[in-house]
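# Survey of secondary and tertiary structure
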Amino acid sequence: QVRLVESGGGLVQAGGSLSLSCAASGFIFSTDVWGWYRQVPGKQRELVARITSGGTTNYADSVKGRFTISRDNAKKTVYLQMNSLKPEDTVVYYCNAPYSDSLFRPWGQGTQVTVSS
């Protein structure tokens, strides 16, 4: 049974940092491409960062230089280090290892990040 559990969100002041974690179970982890996504209510989920099985990373322009994605295959966990947070980063964050650009594994509950100005 596929299960994704995100954690680490919270309330932080602008300029602060948070570290998100995503624990996966129920499928092979090491060969998958992982991504962190965020979704503003009423809009589509946005890909924030992704990391391949070989460790290659990509970031949305809005977070480049501030966020860092990493993975620990032994722990089946993917991380998102978020620095220099801005109020516009306030949203629920999700992780996923999609089968394709449009086909995702079952989503977890996400973790809320709130950045105060």
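Computed from a predicted structure; not experimentally measured.

Of all hydrophobic cores here, the largest spans 27 residues; its most connected members are W34, W36, F67, V78, L80, M82 and Y93. Residue contributions to this core peak at four residues, all from strand 3 (residues 18-25). Among all residues touching L80, those that are not within four sequence positions of it are L18, S19, L20, W36, A49, F67, T68, I69 and Y93.

Turning our eyes to something else, we now look at the state of the cysteines. Taken as a whole and assessed by the stated rule, the structure comprises one disulfide. Covalent S-S linkage joins C22 and C95, the inter-sulfur distance amounting to 1.8 Å. The sign of the S-S torsion, about 50 degrees, decides the handedness of the disulfide formed by C22 and C95: right-handed. Taken together, the positions of C22 in strand 3 and C95 in strand 9 (residues 91-96) put the pair 73 residues apart, joining distant regions of the chain.

Attention shifts here to unusual backbone geometry. Within the chain, K76 stands out as a residue other than glycine whose phi angle is a positive 50 degrees. Tracing the backbone through its elements, the reader meets K76 in the loop between strand 7 (67-72) and strand 8 (77-82). Not every positive phi belongs to a glycine, and S84 is a case in point at roughly 50 degrees. As for its placement among the helices and strands, S84 is situated in the loop between strand 8 and strand 9.

The next point concerns the pairing of strand 8. Two faces make up the sheet, and in a regular strand the side chains alternate between them. Note that strand 3 and strand 8 share six bridges and pair antiparallel. Residue pairing across strands places L20 opposite L80, the latter belonging to strand 8. Of the pairings in the sheet, the one linking strand 7 to strand 8 comprises six bridges and is antiparallel in character. When the bridges of strand 8 are listed, F67 appears paired with M82. What sits between strand 7 and strand 8 in their antiparallel hairpin is a turn of four residues, with K76 showing a positive phi close to 50 degrees.

Moving on, we come to the environment of G35. Tracing the backbone through its elements, the reader meets G35 in strand 4 (residues 34-39). Every residue in contact with G35, bar those within four places of it in the chain, is listed here: L47, A49, R50, I69, Y94, C95 and N96.

Taken as a whole and judged by the stated rule, the model has five salt bridges. Residues R38 and E46 are paired through a salt bridge, measuring 2.9 Å at the closest nitrogen-oxygen approach. For E46, a relative accessible area of 31% translates into the label partly exposed. Bridged by salt links that share partners, the residues R38, E46, R66 and D89 form one connected network.

Reading the values: the criteria
Residues numbered from 1 in each chain as written. Predicted model: local features only at pLDDT ≥ 70, side-chain atom pairs only at ≥ 80, totals over all residues. Heavy atoms only, no water. Core = buried A, V, L, I, M, F, W, Y, C linked by side-chain atoms within 4.5 Å. Buried < 20%, exposed > 50% of the residue type's maximum accessible area, 1.4 Å probe, protein only. Helix = DSSP H or I, 4+ residues; strand = E, 2+ residues; numbered from the N terminus. Contact = heavy atoms within 4.5 Å. Disulfide = S-S within 2.5 Å. Pairing = 2+ DSSP bridges. Salt bridge = Lys/Arg side-chain N within 4 Å of Asp/Glu carboxyl O.

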